[in-house]
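The primary structure of each chain is shown beneath.
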Amino acid sequence: MRRVANRLLFVLVVFSQIKPALAFPGGGEKIRIEHVTPRLVNRHIAVSAEFANLFSDKIVSTIRSGLRSVIQIEIQLRSDLQKELFHKRILRTISYDIWEQRYAVSSADTTLFVTAFDEAKRLGSRLDDESLMPIEEWNGSGKFFIRMKVGINPISTRQAERASDWLLDPNQEQEYLASENRSSTFEVNLNRLVSFFISSRKQSDYISDWFVSPAFRISDLPK
Amino acid sequence: MTNPRSSLFSIISWQLTCFAGLLSLTLLLFSPHFVVAQSQSLTRKLTIEGVEFVGNKKTGPEVILRDLNIRPGARVTPEEFAELLLRNRQILEQTNFFKSVEVFSRPGSERGKVVAIIEVQERAGPFFQFEGGYNDLSGWFFIPASLRFDNIFGGGNRFGARFLIGDRLTKLSFWYRNKILHDKLILDAELFAAGKMFIHYFGPQKAHQDVGFGGLRVKLTGTGRVGQHFFLGLRAENYDPRDTIDFDSGGMLAQGDVPPDILDDLQEAELQAVSFGLLHDSRDNPVYPLNGFWGALTGEVARKEIRETNRTSRFGKLTFDARLYRRLFGRQVFAVHVKAGYGTSDSPFYERFYLGGANSLRGYADRRLTPQGWGTKLFLTNTEWRFPLSDKGFPNHKASGVIFFDSGGIWAPGETPRFKDLYGALGLGVRYKMPILGTMRFDFAFPLNDIDDETVRFHISLGQTF
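Since we're looking at a predicted model, the values are computed, not measured. (Residues numbered from 1 in each chain as written. Chains lettered and ligands numbered in written order. Predicted model: local features only at pLDDT ≥ 70, side-chain atom pairs only at ≥ 80, totals over all residues.)

So, on to the overall build of chain A. Tallying secondary structure elements over chain A gives 6 helices and 10 strands in all. Taking all contacts inside chain A whose residues are at least 6 apart in sequence as the whole, residues at least 24 apart take part in 70%. (Helix = DSSP H or I, 4+ residues; strand = E, 2+ residues; numbered from the N terminus. Contact = placed C-beta atoms within 7 Å.)

Laid out in structure tokens, this is it:
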């Protein structure tokens, strides 16, 4: 009886340390990638996609107060041998000009201005025929697939945008915090330590899971 | 009579002027308009109307606000506001009061006003922490059991218990930290019992002596623009040195054989001390400063009473410690550290100065340059040329290198400091930021004075040297 009680106590202690790390913070709906459609456009492999739940109420309110949010999309084109053929990172910023009362959706080379948030949301939540690589660079008749991940950084500074690895390494900032201000000592919060080791399975509120498309051949792609 | 050529010329020039005007108007209406509007929206200032808190059930807003530097009424650009929110999220995460901290904002009551929203998830109970570190006096130490009750009742207090074990130190302590007197002062208190191994050098022979000690330490540090530069410390401790000194090579010195410099300190004693200090910190980054100054001047007066004989004595100590950082060309940093100390000759050896080691004068073993009975006068300089070995995230980058020159001297009571008594070392090192542990430091130091026939000494430690 005592052994059982001890084991139960041990499980409770371990669970109390691990549970907070496994819990999904915020409890909102998770960001999803939907309708990923590859096709051939101007002899390039291109992809279209839609993202669901990218804009939570908190993010909308933050954008409307005049701060910029950054959407980051990672796209990988892989062969069926798990080999990465092509990798593209797309950054988009969404901001609201409270003086002009309009939204700006910016990518590397274009800025679109709209007055309705729904329109800004629509522009930010989709990829339209994003060109990946010319078909000439693809030799062989094998299959390949697309791997995609999307995230939104609710508050972004220009400095943070330049170091934009947060999507692939969301725990980077926590590591930095853990090591900050320790000139000759270190301290490890056990909750954070558990989070650190299981972080590869844990995803943030603001990042989708990797989406993997079904494998296909170039000859199968619609034009 | 009008010249037809000149009339044709005026018509063409008038048409060209109209065309240029229309073109300018078109450009003004379209693309330049965007440029102007965009730059205005980035530079026009917002007014912070207030700060709202979400998720704080037991922690009062005043407790959260006292750590924040967001002030309602401040006017900031959107970029500055974003930086302010992110910086304050870091500050709150470092308090350890919350499991998670998120920052958002919402539009204020009228256009141009904005409200900061801080969403926290509070800790329900105490938490365990594992700690460790290194210093020259205690060597490597670990704290396998540290229990913390930070903000347990929501008042913003931090207290905990920790058990520390190291190669030269064992310590059990209970500590408390909170802001008092309307947040004008930070109170730190520690009740502890410890055993420390002190190293003595008798010529080339290394020996150690265990000293048991315990007591209460209280420190009051000011806050605010002026108050942050001052602190006051009080301590009441009991020291019980072992009356034998053991040589590492075997054998021991019994009380009768102990040199007179140390003999007085072998008896159990009670010590009460008051210390005061001046502080200044203008570093731009505490972890990897590029520019700025950090300095402290500390003085202490103490009373020592030998328990067996009730004989009392007084001693004092003055320490000056200053660090200066200057960014040179590119990402190179020049950093210099100067430390000087003076203690009266009545001070017991365990209150005196030492020299040598990874955080002191590199190139020599820990405390290797310390005279018999330890020093009452100290001078130490560390000069470093720091350069990044990885660029990403500078100045929070992963790896950096350093070329250094250390110099210093230490003198026993009655000795007069002379320039020729100074020791020196040259060296190079690497700092690498590890997950969890923080910055690891690896230094190869080449002593310039011939001690123990060593040509190079390798030091491993944590964090920057200074």
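From this point, things continue past the structure.
Attention shifts here to helix H2 (residues 57-64) of chain A. Each α-helix turn comprises 3.6 residues. Residues three or four places apart therefore point the same way. Looking at H2 of chain A, one finds that the buried residues are Lys58, Ile59, Thr62 and Ile63 of chain A. Buried residues along H2 of chain A cover an arc of 130° about the axis, so they all sit on one side. Contacts made by the buried residues of H2 of chain A are with strand E3 (69-79), strand E4 (84-97) and strand E8 (144-153) of chain A together with strand E3 (98-107) of chain B. Positive backbone phi, approximately 110°, marks Gly66 of chain A, located one or two places after H2 of chain A. (Buried ≥ 20, exposed ≤ 12 C-beta atoms within 10 Å, placed from the backbone. Arc of directions from axis to C-beta.)

Counting 50 residues, the largest nonpolar core has Leu54, Ile71, Met148 and Val150 of chain A together with Phe81 and Leu85 of chain B as the members making the most contacts within it. Ignoring anything within four residues of it in the chain, the contact list for Leu54 of chain A reads Ile31, Ile71, Gly124, Ser125, Val150 and Ile152 of chain A. Membership of the second largest hydrophobic core comes to 17 residues, among which are Leu266, Phe353, Leu380 and Tyr423 of chain B. (Core = buried A, V, L, I, M, F, W, Y, C linked by C-beta atoms within 7 Å.)

The next point concerns the sheet that holds strand E2 (residues 44-52) of chain A. All names here are of chain A. Here we have 3 strands laid out as an open sheet, ordered E1-E2-E7, and antiparallel in their pairing. A single partner strand is all that each edge strand has here, and the edge strands are strand E1 (32-41) and strand E7 (126-134). Neighbour-to-neighbour, the strand axes of the sheet open up by a mean angle of 25°, direction not taken into account. Pairing geometry for E2 and E7, over 6 bridges, is antiparallel. Following the sheet pairing, His44 is matched in E7 by Pro134. (Pairing = 2+ DSSP bridges. Axes fitted to C-alpha atoms, helices over the stretch in contact; angles between N-to-C directions.)

On to the pairing of strand E7 (residues 158-166) of chain B, then. Looking along a regular strand, one sees side chains alternate from face to face of the sheet. Residues and elements named next belong to chain B. Relative to E7, strand E6 (residues 139-148) runs antiparallel, the two being bridged by 6 bridges. Bridge pairing in E7 places Phe142 opposite Ile165. Summarising the sheet, E7 and strand E8 (residues 169-180) pair through 8 bridges and their orientation is antiparallel. By the bridge assignment for E8, Leu164 is matched with Lys171. Hairpin geometry of E7 and E8 is characterised by an intervening segment of 2 residues between the two adjacent antiparallel strands.

This brings us to helix H4 (residues 78-94) of chain B. Residues and elements named next belong to chain B. Taking 1.5 Å of rise per residue, 17 residues should cover 24 Å, and H4 covers 25 Å from first to last C-alpha, within 8% of that figure. Considered for burial, the residues of H4 that qualify are Pro78, Phe81, Ala82, Leu84, Leu85, Asn88, Arg89 and Glu93. When H4 is viewed along its axis, its buried side chains cluster within an angular range of 170° and face the same direction. Residue Asn96 follows H4 closely and has a positive phi angle near 70°. (Expected span 1.5 Å × (residues − 1).)

Residue and element names in this part refer to chain B. Note on placement: Arg362 falls in the loop between strand E17 (333-343) and strand E18 (377-388). With 26 C-beta atoms counted inside 10 Å, the residue Arg362 sits in the buried group. Taking the C-alpha atoms as reference points, Arg362 and Leu426, 64 residues apart in sequence, are found 8.3 Å from one another. Leaving out residues up to four positions away in the same chain, Arg362 has contacts with Asp406, Ala425, Gly427, Asp443, Ala445 and His459.

Residue and element names in this part refer to chain A. With respect to topology, 6 strands assemble into an open sheet ordered E6-E5-E4-E3-E8-E10, the strand pairing being antiparallel. Of all strands in the sheet, those bounded by a partner on one side alone are strand E6 (111-114) and strand E10 (211-212). H2 contacts E3, E4 and E8 of the sheet and is inclined by roughly 60° relative to E4. In the packing of helix H3 (residues 117-124) onto the sheet, the strands contacted are E3, E4, strand E5 (102-106) and E6, and the crossing angle to E5 comes to about 5°.

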